[in-house]
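A look at the structure
Below are the chains, spelled out letter by letter.
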Amino acid sequence: GFAVVANEVKELAQETARATEEISRRVVAIQGDTTGAAEAIGRISEIIGSINDYQLTIASAVEEQTATTNEMSRSVQEASAGTGEIAVNITGVSAAATSTTQALTQTRVAVDELSRMASDLRGSVARFTY
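Presented here is an overview of the structure given in this document. (Residues numbered from 1 in each chain as written. Predicted model: local features only at pLDDT ≥ 70, side-chain atom pairs only at ≥ 80, totals over all residues. Heavy atoms only, no water.)

**Considerations on the overall build of the protein**
Along the backbone of the protein there are one helix and zero strands. Its C-alpha atoms give the protein a radius of gyration of 55 Å, clearly above 14 Å, the size a compact globule of 130 residues would have. Each principal axis of the C-alpha atoms in the protein carries an extent, and together these give about 185 × 15 × 15 Å. Per-residue burial over the protein gives 0% buried out of 130 residues. Accessible area of the protein: about 11200 Å², with a carbon and sulfur share of 64%. (Helix = DSSP H or I, 4+ residues; strand = E, 2+ residues; numbered from the N terminus. Rg over C-alpha atoms; globule rule 2.2 N^0.38 Å. Buried < 20%, exposed > 50% of the residue type's maximum accessible area, 1.4 Å probe, protein only. Areas by Shrake-Rupley, 256 points an atom, 1.4 Å probe, with all protein chains shown as cover.)

Given below as structure tokens:
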């Protein structure tokens, strides 16, 4: 009976040793996986930092583009206002030219009338002097 019990104890001890070895291997594997996961998390953190830097750069560029677009819009509005003033001035010059043309036409009619009257006067004076 003692040999049977001793044999059972020996088998249990061997199974315990195998189980302990298996547990040790699994602990080592888990530790390796944990180290790998920690390294992966570190790399992910670095990538997230890079993405954050890119987002800040993009946000800054968008802000600069917005400012540039606003400045361009203001410049276009100023140019448009200047163009409107030029159009008003051209209209004024055109009206002045039209008025000048009408005045010249009236002056020409008056000069023609004066010329005719002078000719008539010369004719009248000439009749009295002969």
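**Here we look at a nonpolar patch on the surface**
A cluster of nonpolar side chains, namely Tyr54, Ile58 and Val62, defines an oily patch on the protein surface of about 330 Å² accessible area. For Val62, the location among the structural elements is in helix H1 (residues 2-129). Judged by its relative accessible area of 43%, Val62 falls in the partly exposed class. (Patch = residues over 30% accessible without salt bridge, like charges linked within 9 Å, V, L, I, M, F, W, Y side chains within 5 Å. Salt bridge = Lys/Arg side-chain N within 4 Å of Asp/Glu carboxyl O.)

**What about the environment of Gln14?**
Take Gln14: it is sitting in helix H1. Along the primary structure Gln14 and Thr107 are separated by 93 residues, whereas in three dimensions their C-alpha atoms are 136 Å apart.

**A short note on the pattern of salt bridges**
Across all of its chains, the model carries seven salt bridges by this definition. Of the charged contacts, one joins Glu78 and Arg74 as a salt bridge, the two residues approaching to 2.2 Å between their closest N and O atoms. Pair noted here: Glu78 and Arg74 are both in helix H1, with a separation of four residues, about one helical turn. A relative accessible area of 47% means that Glu78 is categorised as partly exposed. Arg74 gets classed as partly exposed once you look at its relative accessible area, which sits at 36%. Residue Arg116 pairs with Asp120 through a salt bridge whose shortest N-O separation is 2.8 Å. Of this pair, Arg116 and Asp120 both sit in helix H1, separated by four residues, roughly a single helical turn. Note on Asp120: relative accessible area 42%, which makes it partly exposed. When salt bridges that share partners are traced, they join Glu21, Glu22, Arg25 and Arg26 into one network.

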